[in-house]
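# Structural features, examined
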Amino acid sequence: MYGSNGYVGKSIIENGVKNLSGEEKVGNLYCLNDYAEVFTRESEDKHFELAENISRLNVYIEMFVGQDEDKQFELMKQLVDKDGFTHMSCTGRGCAKTDYFTKAGLDYIFAFTYAIREGREYCLPIIMDVEFAKRHYMKDGKFDKIIRLNGHSNKNSELTPVMDYNGKKNVKVHRVYMKELGYNIEGLQIDHLSHCQGAITELMLRPCTNDENQLNKVGVEIEGKSDYEYNALQDFRFSFWIPFLCFILGVVSFDDMTKLKEMEIAIKKKKFAMNWLSY
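First things first, this report covers the structure right here in the doc. (Residues numbered from 1 in each chain as written. Predicted model: local features only at pLDDT ≥ 70, side-chain atom pairs only at ≥ 80, totals over all residues. Heavy atoms only, no water.)

### Describing the pattern of salt bridges
Quick note on the threshold: Throughout this description, the term salt bridge denotes a Lys or Arg side-chain nitrogen within 4 Å of a carboxyl oxygen of Asp or Glu. By the criteria applied, helices consist of DSSP H or I runs no shorter than four residues and strands consist of E runs no shorter than two, each listed in order from the N terminus. Burial classification: accessible surface area is computed with a 1.4 Å probe over protein chains only, and a residue below 20% of its type maximum counts as buried, one above 50% as exposed, and the rest as partly exposed.
As enumerated under the stated definition, the model contains 12 salt bridges in all. Notably, a salt bridge pairs Glu 74 with Lys 71, separated by 3.6 Å at the nearest N-O pair. Of this pair, Glu 74 and Lys 71 both sit in helix H5 (residues 69-82), three residues apart, which is roughly one turn of the helix. Judged by its relative accessible area of 38%, Glu 74 falls in the partly exposed class. Note on Lys 71: relative accessible area 29%, which makes it partly exposed. Here Asp 164 ties to Arg 148 by a salt bridge, and the two come within 2.9 Å at their closest N and O atoms. One end of the pair, Asp 164, is in strand S8 (residues 160-165); the other, Arg 148, is in strand S7 (residues 148-150), with 16 residues separating them in the sequence.

Below you can see the structure in the form of structure tokens.
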């Protein structure tokens, strides 16, 4: 599998995982297999660099995979605190609140915005273009308003960030963002490639027709191929830690986000099988 030049990188990673528990090895060795072709394409002097990067990602895989949303949010907060982000908070009506995390030189801001619905607190993680955040949520270098949420749901992921814009109330933030980027969105919808309402970045949004938007849903069957067809490897609704690693911590490339999602799915399937066989 590893080719004639693959054994250096293979041995580096295997030595790094040999002392891990069984479940931890599943994730690490799956990562090894996933990157096997990368090793065969590169010269041996590149193998140490490649292996170091893969081992570094496995730290996050072990940290996040299998955790519920609340635990994922807690871990993300710990990571930005550890990485030296500045933390600012704004409060609004009805116990609404937004915790902002920023870092000099970063193209995006990270936030958790909270809302109360029928006595229950909901939280939506946000990744937002920093220039857009400065225009709409900051004054004199400080955040002065919350990111409001609209909608009623029993799921965090189905609440939508909204804002007042050009005299209109509760305009969806992602529509304002795409319009200000210069996209013609008149009569069009905005498709969330990542299925994350809190991802306000150009790479994770695109204008589309209603028909195209409907294709990007779980269980929709289509004839032929479409760029808008649902792809489970791009669905980060309950894996927001993956775009977080990309846009906020910068430890994963945009293209590698789908690889991390594939690893997460494989590890969860393996754990499910192990649990099922134990009954």
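More follows now that the structure is in view.
### Some words on the packing of aromatic side chains
Where two aromatic rings form a pair, the distance of their centres and the angle of their planes describe that pair. Filter applied, for reference: Each Phe, Tyr or Trp ring, with Trp reduced to its six-membered ring, pairs with another whose centre is within 6.5 Å; inter-plane angles below 30 degrees give stacked pairs, above 60 give edge-to-face pairs, and intermediate values give tilted ones. We count a charge as sitting over a ring when the NZ of a lysine or the CZ of an arginine lies within 6 Å of the ring centre and within 35 degrees of the ring normal.
What the rule picks out here adds up to 10 aromatic pairs. Measuring from ring centre to ring centre gives 5.0 Å for Phe 110 and Phe 112, while their planes differ by 75°; the resulting arrangement is edge-to-face. Judged by relative accessible area, Phe 110 falls into the buried class, the value being 0%. Chaining the aromatic ring pairs together yields one cluster made of Phe 73, Phe 101, Phe 110, Phe 112 and Phe 244. In this structure, Lys 77 packs its charged tip against the face of Phe 112, placed 5.1 Å from the ring centre. The lysine or arginine in question, Lys 97, covers the ring of Tyr 114, its NZ or CZ lying 5.3 Å from the ring centre.

### With respect to the packing of H5 against helix H9 (residues 241-249)
Inclusion rule: Orientation is described by lines fitted to C-alpha atoms, with helices fitted over the stretch in contact, and by angles between N-to-C directions that extend from 0 to 180 degrees. Angles are sorted into four bins: roughly parallel if under 35 degrees, roughly antiparallel if over 145, roughly perpendicular if 65 to 115, and oblique for all others. Should the near helix be turned anticlockwise from the far one by less than a right angle, the crossing is termed left-handed; should it be turned clockwise, right-handed. Residues are treated as being in contact if the distance between any of their heavy atoms lies within 4.5 Å.
Contact geometry of H5 with H9 gives a least axis separation of 11 Å together with a crossing angle of 15°. The pairing of H5 with H9 is recorded here as roughly parallel in orientation. For the pair H5 and H9, the crossing hand works out as right-handed. Contact residues: Gln 72, Met 76, Leu 79 and Val 80 in H5; Trp 241, Phe 244, Ile 248 and Leu 249 in H9.

### Let's talk about the pairing of S8
The side chains of a regular strand alternate, first on one face of the sheet and then on the other. In plain terms, the rule: Criterion used throughout: strands pair if DSSP finds at least two bridges between them.
Of all six residues that make up S8, five are buried, and the element is covered over most of its length. As defined by bridge partners, S7 adjoins S8 across three bridges and the pair is classed as antiparallel. Its bridge partner being in S8, Leu 149 is matched across the sheet by Pro 161. Hairpin geometry of S8 and strand S9 (residues 168-172) is characterised by an intervening segment of two residues between the two adjacent antiparallel strands and by a positive phi of about 50° at Asn 166.

### A closer look at the sheet that holds strand S11 (residues 199-200)
An order of S1-S2-S3-S4-S11 is seen for the five strands of this open sheet, with the pairing classed as mixed. For this open sheet the edge positions go to strand S1 (86-91) and S11, each flanked by a neighbour on one side alone. Here two bridges tie strand S4 (residues 120-129) to S11, and the two strands are oriented parallel to one another. Bridge pairing in S11 links Ile 127 to Ala 199. The sheet strands contacting helix H6 (residues 130-137) are strand S2 (97-102), strand S3 (108-117) and S4, and the helix crosses S4 at an angle near 120°.

### Some remarks on the sheet that holds S7
Reading across from one edge, S7-S8-S9 is the order of the three strands in this open sheet, with antiparallel pairing throughout. Of all strands in the sheet, those bounded by a partner on one side alone are S7 and S9. The average angle at which neighbouring strand axes cross in this sheet is 50°, direction not considered. Looking at chain direction, S8 and S9 are connected through three bridges and run antiparallel.

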